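# Commentary on secondary and tertiary structure
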Amino acid sequence: MLSRPIIGIINTASGFNPCHGNANQLLEAAKRGIHLKGGIAIDFPTISLHEGFSHPTSMFLRNLMSMDTEEMIRAQPVDACIMIGGCDKTVPAQIMGGISANRPVLPLLTGPMMPGSHRGKRIGACTDCRNNWASYRAGTIDMEEIAAINEELAPTIGTCGVMGTASTMACITAALGLIPVQGAFAPAVSAARIRIAEQTGANAVAAAQNRRTPQTILSAESFYNAAIVLQAIGGSTNAMVHLIAIVNRHPGVKGLINLNTLDDVGRRTPLLVDLKPSGDNYMNDFHNAGGMLCLLHRLRPLLHLSAKTITGETLGEFLDRNAFRDFEYSLSIIRTLSDPLHVSSSLIVVEGNIAPNGAVMKASASKDKRLLRHTGPAVVFENSSDLASRLDDSDLDVTADSVLVLKGIGPIGHPGMPEAGMIPIPRKLAARRVADMLRISDGRMSGTAGETIVLHISPESAIPGSPFGII
């Protein structure tokens, strides 16, 4: 038996991780795919990350999981490895570790959850979590209603059902050619997700037999395609951090993709996908509209079609073999290049006197586009404790035109760069129905969050001599 291809399967199931609630089911399906192609499947664990329970911060644990993934792949006698993951930091951690280990690796994503319903209106984690919490802070909904909403925000297992970080990384992974395109969007609770797992098992045997390692499959063109997809979906600002970290694990591509690259790509790439927080819909709508196959055909004039995929064919060959026929619903969810939601730059890189090394912003998710060019008095919070103690003070000198500034939440300053950059609207302004303000910080925010927020100010305030640190 040991003369057959040995396919390891990383199982990240955890009772604390509802994003990975179907991991054991996917494991069994992947084993079937492996065995049917003549391989031997052997599963093993690594740590499992869930955003809600990642302390001190998930960015620390992303790097720990990356090391765990790399060392466990190196330690096992595997010819290829399937990596089951899904929640925000697990997918970049596994790809980073897989590239460094440089054995054939195949991500197997758990998939997004389905939306729930409240009073006849669809809701889902986590964009609607934030919107409804803001309404509760403003006093427009009461405790009973927010409790009822809470029951419906995460009605099934799976990752957040909007274009947050988890869904963004899933789409990027498909753009890199490492997973079947359906693997980016099929709901966690669907039969399609099981079929994807079986196909991944079959693909793993072929990848092992042909030694398709990530360092031979992935190229600069692969990462350009990922950047194009990132901009076209209005993806998470967190993905800019993760994509650069993934690139820098690849010795043949390291340093070729940076913030300026992502900004340049954005200036040439329109926003096509109408999903929250940049649009109005959910991941199951993306699935029903044709998902990544439709999107890749839409983007074909912009993509590098010579990029390889884990199956051995190029992206162009894959698209030639898999045609997509438009229908009315697909055109409403996944727009065409001639009819985009936004002409360019859903994610932008900005720089200036307080961010000489740059900062990032999801312009497409701004609620009030007038704030994209704005002047106002700064209201400065030195750190998260200062924010918590003063934000809702009735005597706080703040108006709707103020710029909220939060320091001390960068990689060094917090430490760990928490997702604290979505500074809440001060309660007294929220009560007056102020829904958006310009906010600036050296931290991150959830990919499910919207509004007009400048993030990742560099150099961060904790670094001596940082202009942002002396505001």
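Quantities reported herein were computed from a predicted structural model and do not represent experimental measurements.

Frequently, the measure chosen for interface size is the accessible area that the parts lose on association. Segmenting the protein chain into domains produces domain 1 (6-114 + 158-333), domain 2 (116-151) and domain 3 (348-469). Using only C-alpha atoms to locate each centre, domain 2 and domain 3 end up separated by 24 Å. Opposite the seven residues of domain 2 that make contact, domain 3 presents 14 residues. Ranking the residues of domain 2 by area buried against domain 3 places Arg130, Arg137 and Ala138 at the top, with a combined share of 70%. Viewed at the interface, domain 3 and domain 2 are joined by one salt bridge. If you look at where domain 2 meets domain 3, you find six residue pairs in polar contact (both at pLDDT 80 or more).

Moving on: the UniProt feature "domain: Dihydroxy-acid/6-phosphogluconate dehydratase N-terminal" (unreviewed entry) in the protein chain. Here the UniProt feature "domain: Dihydroxy-acid/6-phosphogluconate dehydratase N-terminal" (unreviewed entry) sits at residues 4-317. Secondary structure content for residues 4-317 is 47% helix and 9% strand, while the C-alpha to C-alpha distance between its ends is 29 Å.

Another aspect to go through is the UniProt feature "domain: Dihydroxy-acid/6-phosphogluconate dehydratase C-terminal" (unreviewed entry) in the protein chain. Mapped onto this structure's residue numbering, the UniProt feature "domain: Dihydroxy-acid/6-phosphogluconate dehydratase C-terminal" (unreviewed entry) falls at residues 333-468. Between the first and last C-alpha atoms of residues 333-468 the distance is 39 Å; the span itself is 9% helix and 21% strand.

This paragraph deals with unusual backbone geometry. Note that the residue after histidine 414, namely proline 415, is joined by a cis bond; omega there is -5°. If you trace the backbone, proline 415 turns up in the loop between β10 (403-406) and α17 (427-430). Here serine 458 and proline 459 are connected by a cis peptide whose omega angle stands at 0°. The residue proline 459 is located in the segment after β12 (453-455) in this model. Despite not being glycine, arginine 211 shows a phi value in the positive range, around 50°.

To continue, consider the pattern of salt bridges. Enumeration according to the criterion identifies 24 salt bridges in this entry. Linking glutamate 382 and lysine 407 is a salt bridge whose minimum nitrogen-to-oxygen distance equals 3.1 Å. Taken as a pair, glutamate 382 in the loop between β9 (378-381) and α16 (384-390) and lysine 407 in the loop between β10 and α17 lie far apart in primary sequence, 25 residues in all. We note a salt bridge from arginine 439 to aspartate 436, for which the minimum N-O separation is 2.8 Å. Residue classification places arginine 439 among the buried positions, given a relative accessible area of 1%. Aspartate 436 sits in the buried class, given a relative accessible area of 7%.

About the cut-offs
- Sequence positions are assigned chain by chain, starting from 1 and proceeding in written order.
- The model is predicted, so local features are restricted to residues of pLDDT at least 70 and side-chain atom pairs to those at 80 or more, both for listing and for counting; the totals for chains, interfaces and linings are taken over all residues.
- As a convention, hydrogens and water are excluded, and side-chain values are obtained from all of the structure's heavy atoms.
- These domain limits were set by an automatic method or by a database of domain assignments.
- Every residue pair with non-hydrogen atoms within 4.5 Å of one another is taken to be in contact.
- By convention, the term buried area covers the 1.4 Å-probe accessible surface removed from two parts as they join, with the contributions of both added.
- One speaks of a salt bridge when a side-chain nitrogen belonging to Lys or Arg is within 4 Å of a carboxyl oxygen belonging to Asp or Glu.
- Contacts described as polar in this section are N or O atom pairs within 3.5 Å, which, within protein, must combine one atom able to donate a hydrogen with one able to accept it, while residues neighboring in sequence count only if both atoms come from side chains.
- UniProt positions are given in the numbering used here, feature names are shortened, and annotations may be inferred rather than shown by experiment.
- Comment: elements are numbered from the N terminus, with helices defined as DSSP H or I runs of at least four residues and strands as E runs of at least two.
- Per-residue accessibility, obtained with a 1.4 Å probe over protein chains only, is compared with the maximum for each type, and a residue is labelled buried under 20%, exposed over 50%, and partly exposed between these values.

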